[in-house]
Amino acid sequence: MWGRVSFGTEAKLLPKDRGDFWSFAPGLSLLGYEPDTKRSRDETDVNGNCINIWMSPTAIEFIRTKEGKCKERCTRKERCERSNEPRRFASEMKQCVRLTVHPNNISVSQYNVLLVLETYNVPELTAGVNCTFEDLSEMDGLVVGSQIQCISPAAKEVPQIITENGDHHIVQLQLKSKETGMTFASTSFVFYNCSVHNSCLSCVESPYRCHWCKYRHVCTHDPSSCSFQEGRVKLPEDCPQLLQAEKILVPVEVIKPITLKAKNLPQPQSGQRGYECILNIQGNEQRVPALRFNSSSVQCQNTSYSYEGMEINSLPVELTVVWNGNFNIDNPAQNKVHLYKCGAMRDSCGLCLKADPDFECGWCEGQNQCTLKQHCPAQESQWLELSSTKGKCTNPKITDINPVTGPREGGTKVTIRGENLGLEFRDIASHVKVAGVECKPLVEGYIPAEQIVCEMGEAKPSQHAGFVEICVAECKPEFMARSSQLYYFMTLTLSDLKPKRGPVSGGTQVTITGNNLNAGSNVIVTFGRQPCLFYRRSTKHIVCNTTASDEGFEKVKVSVRVDKAKIHQELQYEYVEDPTILRIEPEWSIFSGNTPIAVWGTHLDLIQNPQIRAKHGGKEHVNNCEVQNSTEMTCQAPALAVDPSHQSELAERPEEFGFILDNVQSLLILNKTNFTYYPNPIFEVFNPSGILELKPGSPIILKGKNLIPPVAGGNAKLNYTVLVGEKPCVVTVSDVQLLCESPNLIGRHKVMARVGGMEFSPGMVYISPDSPLSLPAIVSIAVAGGLLIIFIVAVLIAYKRKSRESDLTLKRLQMQMDNLESRVALECKEAFAELQTDIHELTSDLDGAGIPFLDYRTYTMRVLFPGIEDHPVLRDLEVPGYRQERVEKGLKLFAQLINNKVFLLSFIRTLESQRSFSMRDRGNVASLIMTVLQSKLEYATDVLKQLLADLIDKNLESKNHPKLLLRRTESVAEKMLTNWFTFLLYKFLKECAGEPLFSLFCAIKQQMEKGPIDSITGEARYSLSEDKLIRQQIDYKTLVSTLSMLSYELVHLLAKKGARNGSEAKEGFGYQFRCSQSLVVLSGTTWVLSCVNPDNVNSSEIPVKILNCDTITQVKEKILDAIFKNVPCSHRPKAADMDLGM
């Protein structure tokens, strides 16, 4: 929540700190209280200005803004409780509550100090007031007129102040009304701690009442605790301190004192230690005893110092003067000691003599090194120093020259490097020759003793190459030097340039080819009157960048100058129209960028290195583009400079968006594009452990958000790459998840998702192998197998040894095998013959009677309304005659609505949104709708597609697994889909699939009934399912059918709903059969059971095959199957409705 406050003429937006308290400035506080939102509204005064009124427990503060409309919620005066009392309602800024406190700061070592608060515009506080120091303490305040007296916190409530956080802590001193319990005013109050200061200057320069005791070396707020004898200091100029000193130079390994100027140095008292100097050299602290001469001078005693390494010739060292062990003397001037080595990085005479004269270094010729004079042998002839008359170094040396080639016309600036190349410019001003040609030294390029830069004169045609020769001061042998390298005069030529054209704004990188183009020191290339900015060159190439043309589109002459040589060659370059950008697709990306963008324009092929740019928040990001042809190029979107920790969930527009096309300025910012950046996709980790366990072939689901940018039109698509280990997988994207079909891998692999310029790993995936055996189990099996093989080999060896003894046994076994083979062959023949007979009977029955198909009406009614034989949709409309016309008209109108797709979809969605709409109701509604629309299947299919699309979206939103979709019929759409398939499959079942399926059913049933079947568990002797197989051996006999005549009545089958006395049944099924048995000898004693229709004694007998272990119900079912084998199962009587009697 934010509040607008006008203070003076400036209006500021300030955040709400805590509770309902609004803090604006020290001494000014306003409390925000929202009035009743049901009744309040913004108010304006007579001038149309907004009146923003804030309600507090004791007043209503008034704030006026000059913005022409209301910015905050307003209220009326009459709605302010007790607004007529003095200072309860504020109508002007000067009437707001103000507060000051005296004193406004105290030390943390002061407790229970009386504080006096001056208040202004405060209402009557007869109920009392509390003083609160934020969360530190709270106590009663004493109201005395316009003043309020408070007591500062006790010792245990004072805030802790440590050195790292400064010397003070600011808290808000708040006044809280006892009438309402609300804070109505506050001001800043400071607690400070002088003891955190450990130096005199920082103590006395503190803005608080701090004093320094120099003999105790402490800072305190209480001057009484630091007497005059203890050296109490209040002013900075009275502090003990070191004064500014000139540069302190100390050579290493030389014993030397260090004298420092100071003031106010204390004299150590009885029991206190003296002065010391502390030097921190390369991290090592070196303490040196020091002597205080008086209060204005201290000297570090004679000591030598050193540091490691010859790569540093001068090392500044921190210097600290202390007394009494650790009492520091302030060093405001930051005086340092400079340790130096004459011989460090001064390997030649010239480098030695050019050192700082204050170092007093010189060249010792006897030792051939730079050192101090006292370290050189006593002979004067061996010592050279800059101030002496013999301060000239002999034996100059040239180590390098650059360049080593140049044009004959001259002007080349040759850089000569070496040793002892003079100490002043005049030493070499007129004594330099290069390949026999005078070379004029340049003052600006001269480095004493180390480098000479000279400009070549013009060479004669006869001069081709030569050495560099110099004289230092005078041309005597000991002051002369010659280079080991040769300098050559070259002839430069041009042959071609590429490209031959570019945009008129310039920026094109042009390569000019030729010979000897690396000669000389300075190259100037011009295209007409415009310079081409030099970039680099080699022997065969000069590369430069064109500048903008002032003369527009034209062909210009190319001119190349190397030093003073102008290369003559007719080369031309053409300035053409700048490229333009016509269209960008798509006009969006994500914050991380690197999504593909197609760009169309003109003259794009002129650009050699096109780039795309985006600037946001003052930061610019660029990315590369690739030119396809003159009108098209592809780019990778640049990233947007958005802080990852403050990424918004909303789209962002860059401040600037455009292209860097060489030097074409008009395209740096495109004003006609609405390029938008959307938040980066955010992925979730798999689980807290970071490891997802899967089976082979299971998909990997990466959940997250922003996976599809919310681009207008909904056609946004990001190219996701998901790697499982090193292998990519096929990705399906929705707004909240990525579905990755895992590759054929097993084991543990890292999952990495990449999109645009970002990548994220949600964790590891462990794909367990299909094998149920673990590695130890496999090893155990292999070992056991090996032992088994060894055992078998041993047995075979033993068997071979006893082969003679086993010949008779082998022959006997062979005879038994032959007998067994004969029996098996005989059984196979009998089984094959029986199978052929069964197949013939089955096919003949089907050929004769055909498949008992249901008619289309019955077939559809059983699927649409299962269990309902006489559904109302099959009957005529049963309404009274006087209502029939009205009802029929209503049904026609409702049919028209059903044929309206919008109504039908809304109708279904409304029904499904009702909690009382049960599963049975959903099935009935779906069946009724499909009944109405079965003649308009195209329309029904369109409606069904829309409902299924809604169902899929709902499944994705609930983050269910895709395999769970359509698994249960829980919606109208799923039931309609079932009915839709029912209508369309009828013809296919009747003409194609029905007959093979029925034949397969009959064959399986016939095969199973040849053996025992458990009527309880459904297990069978000849079951095709291993789980439903009767494994124990059961002895049973088959009653084989015969053609013998009826001998005596065995079974009397009657319908329960028919006659019980043997008379003909008139109700129910009305079926009555008689069955008989006879004894026939086949391959043993078997039973024969035959049935005949008593109503037609001339009808043929019906054979029935039963087992002696069948139950009564199983016998009845087999008899019914035999009698009604060509009747549909739905038209047959049920076994439970029949009796089996003797």
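Bear in mind that the values here come from a model prediction, so they are computed numbers and not experimental data.

Some points on empty space enclosed by the protein
- Evaluated as defined, the whole model comprises two cavities of 30 Å³ or more.
- One number sums up the size of the largest cavity: a volume of about 60 Å³.
- If you trace the largest cavity, you find it lined by Ser 199, Cys 200, Trp 212, Lys 214, His 217, Pro 240, Pro 266, Trp 323, Asn 328, Ile 329 and Asp 330.
- Residue composition of the lining of the largest cavity, by class: six nonpolar, three polar and two charged.

Section: the pairing of strand S23 (residues 284–294)
- In this sheet, S23 lies alongside strand S22 (residues 275–281) in antiparallel orientation, the contact comprising six bridges. Residue Asn 280 lies in a different strand from S23, and its bridge partner there is Glu 285.
- Here S22 folds back onto S23, and the loop between the two strands holds two residues, one of which, Gln 282, carries a positive phi near 50°.
- Of the strand pairs in this sheet, S23 and strand S24 (residues 297–303) are connected by four bridges, and their pairing is antiparallel. The partner of Arg 292 across the bridge, within S24, is Val 298.
- Here S23 hands over to S24 after two residues, the two strands then running antiparallel side by side.

Description of the UniProt feature "coiled-coil region" (unreviewed entry) in the protein
- Sequence positions flagged by UniProt for "coiled-coil region" (unreviewed entry) are, in local numbering, residues 803–830.
- Summarising residues 803–830: 86% helix, 0% strand, and an end-to-end C-alpha distance of 39 Å.

A closer look at the sheet that holds strand S56 (residues 691–694)
- Read across the sheet, five strands follow the order S56-S63-S62-S58-S59 without closing on themselves; strand pairing throughout is mixed. Bordering the open sheet on either side are S56 and strand S59 (727–728), each of which pairs with just one other strand.
- Relative to strand S63 (residues 758–767), strand S62 (residues 747–755) runs antiparallel, the two being bridged by eight bridges. Considered in S63, the bridge of Arg 748 is made with Tyr 766.

What to know about the environment of Val 404
- Along the polypeptide, Val 404 turns up in the loop between strand S31 (397–402) and strand S32 (405–407).
- A residue is classified by how much of its surface remains accessible, and Val 404, at 30% relative accessible area, is partly exposed.
- The spatial distance from the C-alpha of Val 404 to the C-alpha of Ala 519 is 7.7 Å, given a sequence separation of 115 residues.
- Sequence-distant contacts of Val 404, defined by excluding residues within four places in its chain, comprise Gln 485, Leu 486, Tyr 487 and Tyr 488.

Calculation notes
- Here the residue index of a chain counts from 1 through its sequence in written order.
- Only residues with pLDDT of at least 70 are given local features in this predicted model, and only at 80 or more are side-chain atom pairs given and counted; all residues enter the totals for whole chains, interfaces and linings.
- Hydrogens are left out, water is left out, and the side-chain values use all remaining heavy atoms of the structure.
- Both site types are read off a 1 Å grid over the protein atoms alone. A 1.4 Å probe that fits but cannot get out defines a cavity, while an open set with protein on both sides within 12 Å along at least five of seven lines defines a pocket; lining residues have an atom within 4 Å of a point.
- Grid points are joined across faces, edges and corners, and a volume is the space filled by probe spheres set on the points.
- By the convention adopted, Pro, Cys, Tyr, Trp, Phe, Met, Ile, Leu, Val and Ala count as nonpolar, Lys, Arg, Asp and Glu as charged, and the other residues, Gly among them, as polar.
- Strand pairing is defined by DSSP finding a minimum of two bridges between the two strands.
- Secondary structure counts use DSSP, requiring at least four H or I residues in a row for a helix and at least two E residues in a row for a strand, with both numbered from the N terminus.
- UniProt positions are given in the numbering used here, feature names are shortened, and annotations may be inferred rather than shown by experiment.
- Burial classes follow relative accessibility: with a 1.4 Å probe on protein chains only, a residue under 20% of its type's maximum area counts as buried, one over 50% as exposed, and anything between as partly exposed.
- It only takes one pair of heavy atoms within 4.5 Å for two residues to be counted as in contact.

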